[in-house]
Amino acid sequence: MHVVVAIDFTASNGPVNNPKSLHYKNPTGWNSYQQALISVGEILEKYSNDRMFEAYGFGAKLPNGQVSHCFALNGQTNSDGAAKVHGVQGLLDAYSHCLTNVELYGPTNFAPMIQRAHECTNRIRVPGSGYYVLLIITDGEITDMDATVNAIVDASDKALSIVIVGVGPENFVKMKELDGDDQALTSANGRRVQRDIVQFVSFRDLKNNGPLLAKEVLYEIPDQLTSYMKSKNVKPLPKPKVSSNWFGEVGASDSFRVPSQGGGGIQPSSSYRPSDPSAQFASMGLGSMPAAPGMQSHAPPPPDLPPPPYSDLPDGWEEKKDANTGRAYFVNHRTKSTQWERPTAPSAPPPPPPPPRPSCRQRQRPCAQPPPPLGGTPPSWPQRRPLPPCGSRARP
């Protein structure tokens, strides 16, 4: 999945040196746009194959005096890929640099940014091989409502979803209208959207609830992606088979699963042959979100070698390493699955409790039977009385 970010640099946000401005250059913290970039950017970054964002701004006057409604935050041209920054930190750096070099202006036009995202989808040569999400962060004072609706209708058959995040105190009536949940959007010439591609989220209401914010941002994207795949007649590939015969001949239909780089579950991989150690794993499944990029396979040891020892792993597990990253992953031959986390053997049952300690009376040795009565003794021998039985002894 590819993410395009568009930030509202219009004057309706307030002067950047005003503490009440949504773009306020706060020396001790984040302003409203930076908070939204961090919170929402971290959510979408997890679903980006390369963790790159195409970062744009709109509604600002550039250093050359031109007012632009679609310009790269990093100052590059709008050619393919030139506006990319790496990760959320790259977004924040480009935003801060841009804020000091442009003048907040206007008007607030969404249509050019939606058209730009529409153009980005043309990079997808094969339907189903990619998907774009356009994130628009704005104060909601849109001025080209009709042109924006037309742009959304035109893009509704493309591999595109639009997430609008509203910052500030506005009621966002027009943003909710663009969401189209209550009524499907219709262009000026009467064309209806082919599918719902817009989701609106009020950042003000959810900024202190991270899980709910993530839920709302992602809420409609799975259905939107699925509806696009269906419209293009793209069907999920069959679930790959998993072979547990790692040291024998692997058939052409055998394949296995390698954990995804994100650590969140496993992704299906294409089949490989022992004679091709450099075979690349390609993404095969279409889940609710696009799969992470493939990983390079390992050539299994020759058939005459014994399986490697499992050392401290539970019975049926094997440790392997990814050839690209060197990161270890673990193969469960019983369930024919893999995972990043090192499995642990089930803990041994606790030892039985020790027997109860005997009481003081039980710890006494059994008393010998009293000796028979003494007979006559020599005169020089003292005569003593026998000890009483143990039960009648007085305790010390």
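Shown above is the structure to which this text applies.
What this report covers is the structure whose coordinates are included nearby. Note that the coordinates shown come from a computational prediction; the quantities given were computed from them, not determined experimentally.

### A short note on unusual backbone geometry
At step 1: Gly106 connects to Pro107 through a cis peptide bond whose omega is -5°.
At step 2: Along the chain, the position of Pro107 falls in the loop between β7 (103–104) and α3 (111–120).

### Here we look at the packing of helix α1 (residues 32–45) against helix α7 (residues 210–218)
At step 1: One can describe the packing of α1 onto α7 by two numbers: an axis separation of 10 Å at closest approach and a directional angle of 60°. In terms of their interaxial angle, α1 and α7 are classed as oblique. Regarding α1 and α7, the two cross each other, and that crossing is right-handed. Contacts from Ser39, Val40, Ile43 and Leu44 of α1 reach α7 at Leu213, Ala214, Val217 and Leu218.

### A closer look at the pairing of strand β10 (residues 198–202)
At step 1: Taken across its five residues, β10 has five buried, putting it largely inside the fold.
At step 2: What you see with β10 is no split at all: Val198, Phe200 and Ser202 on one side and Gln199 and Val201 on the other are buried throughout.
At step 3: Each parallel crossover has a hand, and for strand β9 (residues 160–166) linked through helix α5 (residues 173–179) to β10 it is right-handed.

### What to know about the sheet that holds strand β3 (residues 60–61)
Sheet strands associate in pairs through backbone hydrogen bonding, adopting either a parallel or an antiparallel arrangement.
At step 1: Pairing in this open sheet of three strands is antiparallel, and the strands run β4-β3-β7 from one edge to the other. Each end of this open sheet is capped by a strand with a single partner; those strands are β4 (67–68) and β7.
At step 2: Two elements, β3 and β7, share two bridges in a ladder whose sense is antiparallel. Paired with Lys61 across the two strands is Glu103, which belongs to β7.

### As for the packing of aromatic side chains
At step 1: In total, this model carries five aromatic pairs according to the counting rule given.
At step 2: Ring centres of Phe9 and Phe71 lie 5.9 Å apart, and the angle between their planes is 50°; on these two criteria the pair is classed as tilted. Of this pair, Phe9 sits in the loop between β1 (2–8) and α1 while Phe71 is found in strand β5 (residues 71–72), placing the two residues 62 residues apart along the sequence.
At step 3: Members of the aromatic cluster, each reached through a chain of ring pairs, are Phe9, Phe71 and Tyr95.

### A few points about α7
Residues spaced three or four apart along an α-helix point in a common direction, a consequence of the helix completing one turn every 3.6 residues.
At step 1: Residues of α7 that are buried: Leu213, Val217 and Leu218. Each buried residue of α7 sits inside an arc of 115° when the element is viewed along its axis, so together they form one side. The outward face of α7, more than 90 degrees from its buried face, is lined by the exposed residues Pro211 and Lys215.
At step 2: Against the buried residues of α7 lie α1, β9, β10, α6 (203–206) and α8 (221–231).
At step 3: Here α7 starts with a cap whose side-chain oxygen sits 3.2 Å from the backbone nitrogen of Leu212, and that cap is Asn209.

### Let's talk about the pattern of salt bridges
A side chain with one charge may pair with a side chain of the opposite charge, provided their charged atoms come close.
At step 1: Under the definition given, this model contains seven salt bridges.
At step 2: Put simply, Arg116 and Glu119 hold a salt bridge, and the shortest N to O gap is 3.2 Å. Within this pair, Arg116 and its partner Glu119 are both found in helix α3, separated by three residues, close to a single helical turn.
At step 3: For Glu119, a relative accessible area of 46% translates into the label partly exposed.

### Things to note about the environment of Lys25
At step 1: Within the secondary structure layout, Lys25 lies in the loop between β1 and α1.
At step 2: For the pair formed by Lys25 and Leu99, sequence separation is 74 residues and the distance between their alpha carbons is 8.5 Å.
At step 3: In contact with Lys25, not counting residues within four places along its chain, are Val16, Leu99 and Thr100.

### A few points about the sheet that holds strand β16 (residues 328–332)
At step 1: If you walk across this open sheet you meet the three strands as β15-β16-β17, and the pairing is antiparallel. Here the strands that pair on one side only, and so sit at the sheet edges, are β15 (317–321) and β17 (337–339). On average, each strand axis in the sheet is tilted by 30° relative to the strand beside it, whichever way the strands run.
At step 2: Of the strand pairs in this sheet, β16 and β17 are connected by three bridges, and their pairing is antiparallel. Bridge pairing in β17 links Asn332 to Ser337.

Rules and cut-offs
Residues numbered from 1 in each chain as written. Predicted model: local features only at pLDDT ≥ 70, side-chain atom pairs only at ≥ 80, totals over all residues. Heavy atoms only, no water. Helix = DSSP H or I, 4+ residues; strand = E, 2+ residues; numbered from the N terminus. Axes fitted to C-alpha atoms, helices over the stretch in contact; angles between N-to-C directions. Parallel < 35°, antiparallel > 145°, perpendicular 65-115°, else oblique. Left-handed = near helix turned anticlockwise from the far one by under 90°. Contact = heavy atoms within 4.5 Å. Buried < 20%, exposed > 50% of the residue type's maximum accessible area, 1.4 Å probe, protein only. Right-handed = clockwise from strand over helix to strand, strands pointing away. Pairing = 2+ DSSP bridges. Phe/Tyr/Trp six-rings, centres within 6.5 Å; stacked < 30°, edge-to-face > 60°. Arc of directions from axis to C-beta. Polar contact = N/O pair within 3.5 Å; in protein donor to acceptor, adjacent residues only side chain to side chain. Salt bridge = Lys/Arg side-chain N within 4 Å of Asp/Glu carboxyl O.

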